[in-house]
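What the coordinates show
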Amino acid sequence: MRSDPADYELIAPGSLQAVVSVLADEPGKWLPIAGGTDVMVQYAAGRLPARKLISIWNLPELRAIEILPEEIRIGAGCSYTELREHSVIAQEFPLLGSAARSTGGIANQNRGTLGGNIVNASPAADSLPALMAYEAELILVSRRGERRVPYLDFHTDYKKMKLAPDELIRAICLGRRFSNYLHYARKVGARDAQAISKVCVAALGRLKGGVAGTVIDDVRIALGSVAPVPLRLTEVERIAKGKPVEPELVQLARKMTSAAIQPIDDIRSTARYRSAVAGNLVAEFLEQLRGSGMTV
Ligand SMILES: Cc1cc2nc3c(=O)[nH]c(=O)nc-3n(C[C@H](O)[C@H](O)[C@H](O)COP(=O)(O)OP(=O)(O)OC[C@H]3O[C@@H](n4cnc5c(N)ncnc54)[C@H](O)[C@@H]3O)c2cc1C
């Protein structure tokens with residue numbers, strides 16, 4: 001059943017300071033709404049429990065993309081369109097650019113924000129494996145001040161995260177240290193556009209030459225849609241480091257991937273399919289890395 005607008009209150013204080021003040025005065029009572037592409041779906045379906053909404057759309061403090069020498073800071077209120085059109089993101093963080101291009105359609109990309117994708121915390125969210133592979137850090141803000149937390153362990157379980165009721169995500173920080181890496185992104189859905197992921201992968205890798213030949217110097221592999229939260233394949237990464245990309249390693253990585261994930265059967269796919277595809281994509285990434293020439 002659709003919601004009745006008369007049951008809801010929406011305020012738009014217009015500045016970050018005013019918003020965090022309202023959140024601090026009544027923690028947990030106000031639901032921030034940015035682009036609204038997740039919140040309004042719940043509203044339209046009559047499933048939005050929050051009755052008091054506070055708009056953070058277009059707050060200037062959440063819209064900037066700052067380019068610093070060591071990192072870029074992406075305002076949590078930046079839309080996918082802003083991400084996919086940004087030249088530094090395209091050059092240095094193509095996994096995020098690719099996630100932005102494959103999220104929903106153009107209307108959704110104009111409205112949906114990176115902060116909203118993180119806090120909505122869908123296991124199928126497309127930007128999250130990219131943030132995990134780049135080892136993003138989040139700047140959280142409240143009236144108490146700001147704190148910086150690694151994204152890697154921000155999501156603790158299905159739709160659970162280390163965000164206090166009076167806090168907002170202010171920015172997402174990405175270190176500028178991946179220029180000589182292979183960046184590998186794959187989203188497997190029912191079709192190329194406008195599809196929710198059955199499995200998605202964001203991975204980074206780099207080789208190095210040694211006396212015994214070319215071996216893996218560093219890999220980071222993150223998967224979405226295969227567990228309640230996005231996963232880093234830390235064991236696969238550990239065994240791959242220092243080894244040449246040979247068929248035995250690729251086969252082992254494929255097996256370890258299937259063992260590390262917790263896929264489910266749902267309306268989009270089956271656990272068996274997800275497990276097989278996740279293993280195949282990790283294998284494809286390693287094979288591309290072998291031929292990439294990306295060395296230290
Ligand atoms: C047609 C359609 C297609 C879609 N396709 C995809 C897809 O392919 N891939 C995908 O990953 N997603 C997809 N989505 C989901 C959605 O667009 C994204 O999750 C989007 O990034 C949400 O951002 P938003 O600004 O619209 O969030 P909102 O709906 O405004 O908010 C979502 C949640 O985040 C919270 N929030 C928002 N910003 C902040 C902040 N800065 N700090 C703290 N809390 C915050 C809100 O309180 C709310 O709980 C789709 C949605 C639709 C409607």
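Residues numbered from 1 in each chain as written. Predicted model: local features only at pLDDT ≥ 70, side-chain atom pairs only at ≥ 80, totals over all residues. Heavy atoms only, no water.

**A short note on the overall build of the chain**
Put simply, the rule reads: Numbered from the N terminus, helices here are DSSP runs of H or I no shorter than four residues, and strands are runs of E no shorter than two. Contacts between residues were defined by any pair of non-hydrogen atoms, one from each residue, lying within 4.5 Å. Accessible surface is estimated by sampling points in the Shrake-Rupley manner with a 1.4 Å probe; for residues, cover comes only from the protein chains shown. The charge count includes Lys and Arg as positive and Asp and Glu as negative, but it does not include His or the ends of the chains. All charge positions are set by atom: Lys at NZ, Arg at CZ, Asp at CG, Glu at CD.
The secondary structure content of the chain amounts to 11 helices and 14 strands. Principal-axis analysis of the C-alpha atoms places the extent of the chain at approximately 70 × 45 × 30 Å. Sequence separation of at least 24 residues holds for 62% of the intrachain contacts in the chain that already meet a minimum separation of 6. Split by element, the accessible area of the chain, about 13,900 Å² in all, is 52% carbon and sulfur. The centroid of the 37 positive side-chain charges in the chain is displaced by 3 Å from the centroid of its 32 negative side-chain charges.

**Topic: the sheet that holds strand S3 (residues 52-55)**
To keep it simple, the criterion reads: For two strands to be treated as a pair, DSSP must find no fewer than two bridges joining them. Angles run from 0 to 180 degrees between N-to-C directions of axes, and those axes are lines fitted to C-alpha atoms, restricted for helices to the stretch in contact.
Taken together, 3 strands build an open sheet; the order of strands is S1-S3-S2 and the sheet is parallel. A strand with exactly one partner marks an edge of an open sheet, and here the two such strands are strand S1 (9-11) and strand S2 (30-33). Neighbour to neighbour, the strand axes of the sheet diverge by 30 degrees on average, direction disregarded. Pairing of S1 with S3 involves 3 bridges; the strand directions are parallel. Bridging across to S3, Ile-11 finds its partner in Ile-54. Contacting S1, S2 and S3, helix H1 (residues 16-25) crosses the sheet at an angle of about 155 degrees to S3.

**Overview of the packing of aromatic side chains**
Formally: A pair of aromatic rings is counted whenever rings of Phe, Tyr or Trp (Trp by its six-membered ring) have centres within 6.5 Å, and the orientation is called stacked for planes under 30 degrees apart, edge-to-face for over 60 and tilted otherwise. Only protein chains enter the area calculation, which uses a 1.4 Å probe; residues under 20% of their type maximum are buried, those over 50% are exposed, and those in between are partly exposed. Each ring is checked for a lysine NZ or an arginine CZ that lies within 6 Å of its centre and within 35 degrees of its normal; such an atom marks a charge sitting over the ring.
Applying the stated criterion across every chain, the model contains 6 aromatic pairs. With a centroid separation of 5.6 Å and an interplanar angle of 50 degrees, the aromatic rings of Tyr-184 and Phe-285 are classed as tilted. Taken as a pair, Tyr-184 in strand S11 (residues 182-188) and Phe-285 in helix H11 (residues 271-290) lie far apart in primary sequence, 101 residues in all. Exposure remark for Phe-285: the relative accessible area of 0% places this residue in the buried category. Grouped by ring-pair contacts, the aromatic residues Phe-93, Tyr-134, Phe-178 and Tyr-181 constitute a single cluster. The lysine or arginine in question, Arg-111, covers the ring of Trp-57, its NZ or CZ lying 4.0 Å from the ring centre.

**A look at the packing of helix H10 (residues 247-260) against H11**
The cut-off we apply is this: The labels follow the angle: roughly parallel below 35 degrees, roughly antiparallel above 145, roughly perpendicular from 65 to 115, and oblique for the rest. Each crossing is labelled by how the near helix is turned from the far one, with a counterclockwise turn of less than a right angle marking it left-handed and a clockwise turn marking it right-handed.
At a minimum axis distance of 8 Å, the contact between H10 and H11 shows a crossing angle of 150 degrees. One finds that H10 runs roughly antiparallel with respect to H11. Judged by the sense of rotation from one axis to the other, the crossing of H10 with H11 is right-handed. Here Pro-247, Val-250, Ala-253, Arg-254, Thr-257 and Ser-258 of H10 come into contact with H11, specifically with Ser-275, Ala-278, Gly-279, Asn-280, Val-282, Ala-283, Leu-286, Glu-287 and Arg-290.

**Some details on the environment of Asp-192**
With respect to the element layout, Asp-192 can be found in the loop between S11 and strand S12 (199-210). When its relative accessible area of 81% is taken as the criterion, Asp-192 is described as exposed. Expressed as a C-alpha distance, the spacing of Asp-192 and Gly-115, which sit 77 residues apart in the sequence, is 24 Å.

**Some points on the sheet that holds strand S6 (residues 137-142)**
For sheets, the rule is that strands pair by backbone hydrogen bonds, running either parallel or antiparallel. Strand order in the open sheet formed by 5 strands is S4-S5-S10-S6-S7, and the pairing between neighbours is antiparallel. Each edge of the open sheet carries a strand with a single partner, namely strand S4 (65-67) and strand S7 (145-150). Averaged over neighbouring strand pairs, the angle between their axes works out to 20 degrees when direction is ignored. Of the pairings in the sheet, the one linking S6 to strand S10 (residues 168-175) comprises 5 bridges and is antiparallel in character. Bridge pairing in S10 links Leu-138 to Ile-172.

**Re the pairing of S7**
As defined by bridge partners, S6 adjoins S7 across 6 bridges and the pair is classed as antiparallel. What sits directly across from Val-141, in S7, is Glu-146. The turn linking S6 back onto S7 is made up of 2 residues.

**Things to note about the environment of Val-226**
Along the chain, Val-226 falls in the loop between strand S13 (213-224) and strand S14 (231-232). Spatially, the C-alpha atom of Val-226 lies 5.7 Å from that of Gln-262, the residues being 36 residues apart in sequence. In contact with Val-226, other than residues within four places in its own chain, are Val-199, Leu-231, Ile-261, Gln-262, Pro-263 and Ala-278.

**Considerations on the site of the ligand**
Keep this limit in mind: We define proximity as follows: a residue is near a molecule or strand when any one of its heavy atoms falls within 4 Å of that partner. Think of a polar contact as two N or O atoms within 3.5 Å of one another; within protein, one of them needs to be a possible hydrogen donor and the other a possible acceptor, and neighboring residues in sequence only count if both atoms come from side chains. Residues are grouped as follows: nonpolar covers Ala, Val, Leu, Ile, Met, Phe, Trp, Tyr, Cys and Pro; charged covers Asp, Glu, Lys and Arg; every other residue, Gly included, is treated as polar.
In the region of the ligand, 31 residues are neighbours, and Pro-32, Thr-37, Asp-38, Tyr-80 and Thr-113 sit closest. A distance of 2.5 Å separates an oxygen atom of the ligand from a polar backbone atom of Pro-32. Here a nitrogen atom of the ligand sits 2.8 Å away from a polar atom, N or O, in the main chain of Ile-169. Protein chains shield 86% of the accessible area of the ligand, which is 980 Å² for the free molecule. Elements represented by at least two residues in the shell around the ligand include exactly S2, helix H2 (39-44), helix H7 (114-120) and S10. Considering every element that reaches the shell around the ligand, the biggest residue donor is H7, with 5 residues. In terms of residue class, the shell around the ligand is built from 15 nonpolar, 13 polar and 3 charged.

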